[in-house]
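# Observations on chain architecture
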Amino acid sequence: SRHAVGQDTEARWSQGGLTDKVKVTKKELDMVVEAVERQTGTTFETLARTVGMGADLALHGEDLPWCPFCNGGDKKERSFSVTVTTDTMLFNCFRANKCNRSGKVSLLKHLRRNGQIATPAEVRVPGAFPNSRRAQAELKKFEIQPSLVISAKVEEYLTETRAIALDVVTRNKIGMRRCWTDRTKTEQDSVIVFPTIVRGEVKGQKMRRLTENVMWKTVNSVNALFGFDNIVGQKEIIIVEGEIDALSCETAGFKNVASVSSGASNESWLEFENTREILMQAERIYLATDCDEAGDESAGRIAAIFGYKKCFRVTWMDGCKDANEVLVKHKADGIREGIRNAKNCRPSGMPDLADSVDEAMTVLTGEMDPERYKGISTGWANLDKFYRPVRGELTVITGTPGSGKTEWLVSLVMQLATKHEGKRFLLFQFEAMSRTIVTQLIEKHIEKRISHKFGSTDVKEQTSMTDEAQKAVTWLDERFVIGAANFDTDITLEAMLERMKLEAQAHEKDGLWGVVIDPYNYIAMPDNKIYSGRGIGETFFISTMLSQLKAFALEYQCHVWIVAHPTKNTAWVDGKKPSLYDIAGSAHWFNKCDMGLILERATVELDGELVPTCILEVEVAKARNREAGQLGTVSFEYDFDPRSYHEVSDYDLEEEEEPMEKTRKRRS
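A few points on the structure. Everything numeric in this text was worked out from a predicted model, so none of it was measured. Along every chain, residues carry numbers that run from 1 in the direction the sequence is written. With the structure being a predicted model, the display of local features is reserved for residues of pLDDT at least 70 and the display and counting of side-chain atom pairs for 80 or more, all residues being used for whole-chain, interface and lining totals. Where side-chain values are given, they derive from all heavy atoms of the structure, hydrogens and water being excluded.

## What to know about the sheet that holds strand E10 (residues 257-259)
- The rule for pairing is simple: two strands pair if DSSP sees at least two bridges between them. Where helices and strands are cited, they refer to DSSP runs of H or I of at least four residues and of E of at least two residues respectively, numbered from the N terminus. In space, the five strands of this open sheet follow the order E10-E9-E11-E12-E13, with mixed pairing throughout. Both outer strands of the open sheet, E10 and strand E13 (343-344), are each paired with one neighbouring strand and no more.
- One ladder, built from two bridges, connects strand E12 (residues 311-313) with E13; its direction is antiparallel. By the bridge assignment for E13, arginine 313 is matched with lysine 343.
- The contact rule is simple, with two residues in contact once any of their heavy atoms fall within 4.5 Å. Only the stretch in contact is used when fitting a helix axis, every axis being a line fitted to C-alpha atoms; angles between N-to-C directions are given from 0 to 180 degrees. Along the sheet, helix H12 (residues 293-306) contacts strand E11 (284-288) and E12; its crossing angle with E12, the most-contacted strand, is approximately 165 degrees.

And the structure:
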């Protein structure tokens with residue numbers, strides 16, 4: 001390596017060697033210093049201080065293509081090498097038997113001999129290594145110094161790899177430095193220097209490696225925008241999230257561009273001098289931060305400060321993340337198109353009217369799939385008149401204890417899975433063992449009870465049941481996933497949402513159509529002061545939970561059913577039906593759901609007491625989406641053997657002998 005040559009020379013000097021080399025005089029040493037100053041574009045004192053602060057330097061080949069003694073001979077050989085460490089400059093000419101000049105210059109002695117002030121403390125500072133923790137601290141100790149002229153390697157990186165115009169690089173005074181890549185000091189790397197220029201004066205520097213995305217600032221850098229001078233007095237201003245992105249916009253012809261100084265995490269740069277006033281006076285602000293979550297949040301905060309009316313969000317084409325990616329893939333026209341098509345910023349959660357109009361038109365013209373707003377059939381014609389599940393919506397189910405909420409809800413999702421191909425469902429059934437859930441699903445699918453027949457002495461019947469169950473399991477495995485069971489009381493809302501997201505993302509092609517949470521009260525509340533105890537804490541938790549479940553349903557386009565038990569209350573225990581407002585914990589159950597169902601088993605008087613029958617009444621107590629439902633009540637009869645529900649018409653239970661007879665048999 002270049003530096004290895006310098007180290008080898010230093011070792012031989014320390015041993016008093018170099019007998020095969022031509023000695024140089026002090027005058028010639030001064031000539032080397034002058035040559036280095038000319039090539040690097042800086043004074044030797046500045047070079048010494050910069051190196052002393054930790055940025056060791058090696059110049060060879062493209063950086064120093066000539067020897068000041070022989071000028072590379074007739075062939076102009078790039079034979080000269082200079083290595084600068086914390087207190088010494090070593091040089092060699094490798095034109096063997098032709099020049100052979102070599103030597104070293106003591107930085108400290110040279111500065112003092114030429115009347116320049118220097119102390120050991122100023123030059124003998126340990127080098128820094130950016131890949132270590134210590135390095136990060138030491139690198140920030142760099143003082144602002146004139147940077148070196150960029151090498152061909154840095155120029156190629158900026159102009160070829162990043163597609164930045166060379167005149168843009170020059171105008172913004174982009175420079176370079178050299179740093180060791182690790183503690184072994186066996187290799188050096190070029191570091192790009194982005195100067196922060198305020199009113200024509202360098203007020204800070206930000207360094208970036210070529211080989212990896214490692215950046216740091218000089219310790220005394222001001223927290224100002226990169227390109228601060230570019231936006232002063234401008235009517236239209238472009239804000240980006242990186243120096244390379246700012247240079248990319250300028251390459252596309254936009255000089256009124258500046259980059260935030262510390263990424264998208266905060267807007268502390270607004271407090272530098274009159275930055276806030278400059279942006280306030282602008283008529284338009286184009287927010288071209290990265291197209292990711294952090295960039296969107298940063299753009300939202302800036303728009304909230306300066307007004308949504310004057311702020312425009314830039315979204316880059318073809319899913320590109322930033323301006324430089326657009327420049328590389330689509331050239332300057334891509335950036336110009338992105339700026340031209342920027343849309344007026346809106347508060348978070350506020351939909352764009354134009355997008356909503358487009359969506360509404362697809363409904364009116366019949367282009368939108370009716371399933372998206374009318375929902376899908378439940379497989380029960382009487383229920384379809386009042387309730388159809390829709391992707392992106394939330395259904396709350398409640399009912400008195402023993403009304404059959406779980407049994408009916410599992411039958412509902414089984415109906416959906418059977419009637420509609422490719423629908424997948426995630427089940428959080430906390431009040432059941434895994435084996436019980438699987439048995440329930442098998443029996444509902446094959447429409448017969450088989451659990452009590454296993455262990456039969458009839459080998460033929462046993463074999464038939466086993467084969468049928470195995471086929472059912474294969475079918476069920478493609479449509480149902482158990483998210484939680486076995487009376488799990490430790491799952492938090494965050495953990496449950498994470499499982500839901502993983503399942504939704506694992507099947508992006510078909511998607512996750514529905515999620516069943518039964519019942520809600522098994523979800524563990526966070527153990528902190530906000531949620532502690534009941535009352536206000538539980539109400540706040542329920543509100544947060546329902547909002548997050550609704551957000552999940554919208555983002556992943558699935559339906560969520562959640563079962564919640566009503567609180568014990570004399571208003572309904574004496575034969576009266578509970579309402580959605582009677583659910584334990586909060587009125588948010590009614591307020592935040594899209595659909596609300598109340599289940600109750602019909603009762604008859606038998607032998608002087610009220611006895612529940614096999615008839616289930618399902619009341620649609622809330623239907624926000626009137627395209628998919630309406631208020632009303634439907635009735636089902638539960639058939640024990642096939643473990644299923646079938647529709648029944650309105651009737652007077654006391655006049656129907658069959659339900660009464662079934663009730664007597666079940667009671668006996």
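## Observations regarding the sheet that holds strand E20 (residues 609-623)
- Here nine strands make up an open sheet; going across it, the order is E16-E15-E17-E18-E14-E19-E20-E21-E22 and the pairing mixed. Two strands bound the open sheet, and with one partner strand each, they are strand E16 (480-484) and strand E22 (644-648). Across this sheet, the average inter-strand angle for adjacent strands is 25 degrees, counted without regard to direction.

## What to know about the pairing of E11
- Of all five residues making up E11, four are buried, and the element is well covered by its neighbours.
- Pairing analysis gives five bridges linking strand E9 (residues 236-240) to E11, with the strands arranged parallel. Bridged to glutamate 236 within E11 is arginine 284.
- In this sheet, E12 lies alongside E11 in parallel orientation, the contact comprising three bridges. Looking at the pairing, isoleucine 285 lines up with cysteine 311 of E12.
- Handedness of the crossover joining E11 and E12 through H12: right-handed. Relative accessible area decides the class of each residue, using a 1.4 Å probe on protein chains only: under 20% of the type maximum gives buried, over 50% gives exposed, and in between gives partly exposed. The definition of a right-handed crossover adopted here requires that, viewed with the strands pointing away, the path from the first strand over the helix to the second runs clockwise.

## Some thoughts on the side chain of glutamate 407
- Relative to the helices and strands, glutamate 407 is located in helix H17 (residues 405-419).
- Reaching out from glutamate 407, the side chain makes a polar contact with the side chain of lysine 444 at a distance of 2.8 Å. For this analysis, a polar contact is any N or O atom pair within 3.5 Å, provided that within protein one partner can donate a hydrogen and the other can accept it, and provided that sequence-adjacent residues contribute only side-chain to side-chain pairs.

## Digging into the environment of glutamate 637
- Within the secondary structure, glutamate 637 sits in strand E21 (residues 632-639).
- Exposure remark for glutamate 637: the relative accessible area of 6% places this residue in the buried category.

## Quick word on helix H10 (residues 243-251)
- Within H10, eight of the nine residues are buried, which leaves it mostly tucked inside the rest of the structure.
- The positive-phi residue at the C-terminal boundary of H10 is glycine 253, with phi of around 105 degrees.

## Examining the environment of glycine 175
- With respect to the element layout, glycine 175 can be found in strand E5 (residues 175-180).
- The exposure class assigned to glycine 175 is buried, which follows from its relative accessible area of 2%.

## Details of the pairing of strand E19 (residues 595-606)
- Most of E19 sits inside the fold, with nine of its 12 residues counted as buried.
- Of the strand pairs in this sheet, strand E14 (residues 394-399) and E19 are connected by five bridges, and their pairing is parallel. When the bridges of E19 are listed, glycine 399 appears paired with leucine 599.
- As defined by bridge partners, E19 adjoins E20 across 11 bridges and the pair is classed as antiparallel. Residue arginine 601 lies in a different strand from E20, and its bridge partner there is leucine 616.
- Here E19 folds back onto E20 in antiparallel fashion, the turn holding two residues, of which aspartate 607 has a positive phi close to 55 degrees.

## Here we look at unusual backbone geometry
- Between aspartate 518 and proline 519 the backbone carries a cis peptide bond, its omega angle lying at -10 degrees.
- Tracing the sequence through the fold places proline 519 in the loop between strand E17 (514-518) and helix H21 (536-556).
- Positive phi, normally seen in glycine, also occurs at arginine 199, with a value near 50 degrees.
- The topology assignment puts arginine 199 in the loop between strand E6 (188-198) and strand E7 (201-209).

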